[in-house]
Amino acid sequence: MKKIIAVMLALACLAVLSACNNYNNVLPAPGNRSSYSIETPYAVLRAPAEFETEVKTEVVSETPYVLSFKTLDGADLFSVHFDDETDNLLGTLELEDKNVVLYASFADLDKNDGRYTELARFQLGISTIIENLVSDYGFVPNEITEASDADSFDIETGVVTLKYPAVWKDRVTVDVTDNKAAFSCGGTKLFDLLFSENGGYLLGTYDGVPISVVTYDIDAEGRTEAELQELYAMQQNVNYIIARLAEDSRFVMAE
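Keep in mind that what you see is a predicted model, and the values were worked out from it rather than measured.

A. Up close: the overall build of the protein. In terms of helices and strands, the protein carries eight helices and 16 strands. Within the protein, buried positions represent 40% of all 255 residues. Within the protein, counting contacts between residues at least 6 apart in sequence, those at least 24 apart form 47% of the total.

Have a look at this one:
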């Protein structure tokens, strides 16, 4: 399995910006990142909102699919490559029918360019794309994973059979009742799927039965960063359940 340190942390511009005390000024605060959606044949990429007016995209190759990002005046920033190997591995997009490996290539920036800080900020925007792929699709960063028929396990409820990533099968407890499926890990609540519109965010209906979701804050006190990231991943994988539901014609997404 090929594994490379996350690209966005390896960019030389990051160290330079930090040294210049500019880093905190060029990246938005976590949790405060609005986004701009970019359609691709494989997934919707959600880039920083400023990309909508400050950065243009161009499909430079259909097979393999390569999407380039440039400033409005044509200065190269970076490209995202789908199943097209470069030196910079981003990770694996695990789709229903196959796995697609994403790579990146980056333009070399001139530190003497008056727009260097701005261009570096745009390059760092790839971290937002990756974060949103993880959240929206269960994207696996920094790894090439093999497709498997055993990627998920079934959770039987009175309404629908839910599918959840098999990697958490022995870690997550799922308590199913007539009204909900409650997901937790070692007593820490992650999320509930409610078979009603009451008390949660409505996802849609399955055979006419409403399905809503409730998520819980995870207490960071006394936990290591690794433990927290694992709990967050378990919680974010509610998106995996939703994606599998969306593949069923009996499920109708809420508007």
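B. The arrangement of the nonpolar core in detail. Phe-69, Phe-78, Val-80, Leu-90, Leu-102, Ile-126 and Leu-133 are the most contacted members of the largest nonpolar core, which has 29 residues in total. Of all the secondary-structure elements, those providing two or more residues to this core are β2 (44-48), β4 (66-71), β5 (76-82), β6 (88-94), β7 (99-106), α5 (116-124) and α6 (126-137). Those residues in contact with Phe-69 that lie beyond four places of it in its chain are Ile-38, Phe-51, Val-55, Lys-56, Thr-57, Ala-75, Asp-76, Leu-77, Phe-78, Val-80 and Ile-129. Among the nonpolar cores identified, the runner-up in size contains 27 residues, and Ile-155, Trp-168, Phe-183 and Leu-193 belong to it.

C. Looking closely at the sheet that holds strand β11 (residues 173-176). Judged by pairing direction, the sheet is antiparallel, and its six strands sit side by side in the order β11-β12-β13-β15-β14-β16 without closing on themselves. At either margin of the open sheet sits one strand with a lone partner, and together these are β11 and β16 (251-253). Strand after strand, the sheet turns through a mean of 25° between neighbouring axes, direction not considered. Inspection of the sheet shows strand β14 (residues 201-206) paired to strand β15 (residues 209-215) by five bridges, in the antiparallel sense. Residue Tyr-206 lies in a different strand from β15, and its bridge partner there is Val-209. Across the sheet, helix α7 (residues 225-236) touches β12 (180-185), β13 (188-194) and β15, and the angle it forms with β13 is around 5°. Its contacts with the sheet place helix α8 (residues 238-246) against β12, β13, β14, β15 and β16, and it is angled at close to 20° to β13.

D. Here's a closer look at unusual backbone geometry. That bond from Thr-63 to Pro-64 is cis: its omega, -5°, falls within 30 degrees of zero. Position of Pro-64 among the secondary structure elements: in the loop between β3 (55-61) and β4. Of note, the phi angle at Asp-83 is positive, near 55°, even though the residue is not glycine.

Criteria and thresholds
Residues numbered from 1 in each chain as written. Predicted model: local features only at pLDDT ≥ 70, side-chain atom pairs only at ≥ 80, totals over all residues. Heavy atoms only, no water. Helix = DSSP H or I, 4+ residues; strand = E, 2+ residues; numbered from the N terminus. Buried < 20%, exposed > 50% of the residue type's maximum accessible area, 1.4 Å probe, protein only. Contact = heavy atoms within 4.5 Å. Core = buried A, V, L, I, M, F, W, Y, C linked by side-chain atoms within 4.5 Å. Pairing = 2+ DSSP bridges. Axes fitted to C-alpha atoms, helices over the stretch in contact; angles between N-to-C directions.

Any functional reading would require information that these geometric values do not contain.
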